Amino acid sequence: MGRPRTLAQTYRRFGEVDAAETSPLYARVAVAMSESGEALRAIESAPARRRGPTAILAALHDLALAGRAPALAAAYSTADGDAAAAAAIDTLLQMTEAVVAIAVRRKPLTDETGRCAVLYPAVAEAARRVGATAVGLIDVSCGAGLNLNVDRVSITYGDGQLLGDPTSPVRLSCSIVGDRPVPRRKIPEVVARVGVDVDPVDVSDPEEARWLCACLPPDQPERAARLEAEMSLTVTAAPRLLRGDALEVLPDAFASVPAAALPVVTTTWALSQFTLESRLRFLQRLDEAAAGRAVAWVSAEGVGVAPAVPTLGDRRASGHSIIGLAVLEGASLSSEAVGRCWSRGRLLAWLADS
């Protein structure tokens, strides 16, 4: 094994590799921080696990959005990398304690709506297989619960197919890979929306909503506008948010779904944060719930991450994820890989016969 990266190397890599194509502004800011001894020393005052670029840059952005760092906000608004870098370092040095306090209290989130494009056809397929006329959605590691709007957004696929609510203010697009079309089936009535997270985000709270916006780079206005629209949509039908370890609170989540509805648990790039033992216990929790009713689980996880979901012979860390659909009822488990997806749901290959 090589030596761990220094803090300077971590920030330089973030700027030159991670942010290079997605945020030129953050790319410049991160590289400038990597070259500033004063900035690095300020960052080192944070606990080791909170010194990363995503945490510190989000904390700085939060201060700017809150009106506490007007010079930084002004520099960000110009999208001038050099001005932003200078203002970010100056703000970090002048407000080190505030930056660190935010980085310690908050975890960086990238809770956006692109996941709905892969969830929608799989949730609809789950309902079809069980013959359900109503579903209750349970999103694990939900963040702000934005995935729970899956039936309330408008999704246009590359083959011209449109699913969801065509009148929705939230509009998503998803490219199709391969020649198999996405099924036209609709999700039946959603009668419960439940989010499960160790630290869920209530977007009806202005500070928490601002933090979600702060986690986006300031030079990505389209993503920010889409997030604002999705948060506004969430407030109009607020989900029930359960705080705690998923393995502990899932029984309460299932109890929130009316008996006549099919509970559909969704996980999107969440189980990689679980140990293998916890993933197996998660599957056991689903099995326990299925003792008295049918339960479905829709997953979008890396190859080999979701237990019981076939890998189709794909290699781990292959650059795409597997969309899994498992239906549990009594002692029966039926699990299938219904698709592959890339770029967190922006490209989809539907595979299932339905």
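Caption draft 1: Seen up close, helix α9 (residues 206-214). Taken as a whole, α9 has its buried residues at E208, A209, W211, L212, C213 and A214. The backbone nitrogen of E207 lies 2.9 Å from a side-chain oxygen of the residue at the head of α9, namely D205.

Caption draft 2: Summary view of empty space enclosed by the protein. Tallied over the entire structure, the rule returns two cavities of 30 Å³ or more. One number sums up the size of the largest cavity: a volume of about 60 Å³. Along its surface, the largest cavity is lined by R106, K107, L109, D199, P200, V201, E208 and W211. Of the residues assigned to the lining of the largest cavity, the class counts are four nonpolar, no polar and four charged. Of the voids in this model, the second largest cavity is the one considered here, and its volume is about 40 Å³. Lining the second largest cavity are S299, E301, G302, G304, V305, A306, V309, P310, T311 and I322. Here the lining of the second largest cavity takes three residues from strand β8 (residues 295-302), the largest share from any one element. Its residues placed into classes, the lining of the second largest cavity shows five nonpolar, four polar and one charged.

Caption draft 3: Inspection of the nonpolar core at higher detail. Ranked by size, the top nonpolar core spans 51 residues in total, and within it M33, L60, L72, Y76, L92 and L212 carry the most contacts. Broken down by element, the residue count for this core peaks at eight residues, all from helix α4 (residues 53-65). For L60, the residues in contact, after removing those within four places along its chain, are M33, L72, Y76, A88, T91, L92 and V99. Counting 41 residues, the second largest nonpolar core, distinct from the first, contains V118, V190, A296 and V298.

Caption draft 4: Region of interest: unusual backbone geometry. Even without being glycine, W269 reaches a positive phi, approximately 50 degrees. Assignment of secondary structure puts W269 in the loop between β7 (262-268) and α12 (276-289). Look at W269 and you get buried, because its relative accessible area is 14%. Located in the positive-phi region is L312, a residue other than glycine, with phi close to 60 degrees. Within the fold, L312 resides in the loop between β8 and β9 (321-329). Using a relative accessible area of 39% as the deciding quantity, one classes L312 as partly exposed.

Caption draft 5: Layout of the pattern of salt bridges. The tally for this structure, following the rule as stated, stands at 15 salt bridges. A salt bridge links D62 to R210, with the nearest nitrogen and oxygen atoms 3.0 Å apart. Note that D62 is positioned in helix α4 and R210 in helix α9, a separation of 148 residues in sequence. The class of R210 is partly exposed, set by a relative accessible area of 24%. R285 is the salt-bridge partner of E288, the closest N and O atoms lying 3.1 Å from each other. With a gap of three residues between them, E288 and R285 both fall in helix α12, about one helical turn apart.

Caption draft 6: Layout of the environment of A349. Mapped onto the elements of the fold, A349 is located in strand β11 (residues 347-350). Look at A349 and you get buried, because its relative accessible area is 8%. A349 sits 205 residues away from A144 along the chain, and the two C-alpha atoms are 27 Å apart. Residues contacting A349, with those up to four places away along its chain left out, are V177, V338, G339, R340 and W342.

Caption draft 7: Main features of the layout of surface pockets. Computed from the structure, the largest pocket encloses a volume of approximately 950 Å³. Taken together, 32 residues make up the lining of the largest pocket; nearest its centre are K107, L109, S141, D197 and Q273. Of all the secondary-structure elements, those providing two or more residues to the lining of the largest pocket are β5 (189-197), α11 (246-255) and β8. For the lining of the largest pocket, the residue count by class is twelve nonpolar, ten polar and ten charged. Its boundaries defined by the atoms lining it, the second largest pocket holds a volume of some 550 Å³. The set of elements that each furnish at least two residues to the lining of the second largest pocket consists of α1 (7-18) and α4.

Caption draft 8: Quick peek at helix α6 (residues 81-94). End to end, α6 covers 20 Å across 14 residues, agreeing with the expected 20 Å (1.5 Å per residue, within 8%). Where the residues of α6 are buried, they touch α2 (24-34), α3 (37-43), α4, α5 (70-78) and α7 (96-105). Two to three positions downstream of the cap, the backbone nitrogen of D82 sits 3.0 Å from a side-chain oxygen, assigning the N-cap of α6 to D80.

Caption draft 9: The sheet that holds β11, seen in detail. Across the sheet, eleven strands lie side by side as β3-β2-β4-β11-β10-β9-β8-β7-β1-β5-β6; this open sheet has mixed pairing. The two strands at the open ends of the sheet, each matched to only one other strand, are β3 (162-164) and β6 (240-243). The mean inter-strand angle of the sheet, taken between neighbouring strand axes irrespective of direction, is 25 degrees. Bridge analysis of strand β2 (residues 154-157) against β3 gives three bridges, and the strand direction is antiparallel. The residue bridging I155 from the neighbouring strand is L163, located in β3.

Basis of the calculations
- Residues numbered from 1 in each chain as written.
- Predicted model: local features only at pLDDT ≥ 70, side-chain atom pairs only at ≥ 80, totals over all residues.
- Heavy atoms only, no water.
- Buried < 20%, exposed > 50% of the residue type's maximum accessible area, 1.4 Å probe, protein only.
- Helix = DSSP H or I, 4+ residues; strand = E, 2+ residues; numbered from the N terminus.
- Polar contact = N/O pair within 3.5 Å; in protein donor to acceptor, adjacent residues only side chain to side chain.
- 1 Å grid on protein atoms, 1.4 Å probe; cavity = no way out; pocket = protein on both sides within 12 Å on 5 of 7 lines; lining within 4 Å.
- Points joined across faces, edges and corners; volume = space filled by probe spheres on them.
- Nonpolar A, V, L, I, M, F, W, Y, C, P; charged D, E, K, R; others polar.
- Core = buried A, V, L, I, M, F, W, Y, C linked by side-chain atoms within 4.5 Å.
- Contact = heavy atoms within 4.5 Å.
- Salt bridge = Lys/Arg side-chain N within 4 Å of Asp/Glu carboxyl O.
- Expected span 1.5 Å × (residues − 1).
- Pairing = 2+ DSSP bridges.
- Axes fitted to C-alpha atoms, helices over the stretch in contact; angles between N-to-C directions.

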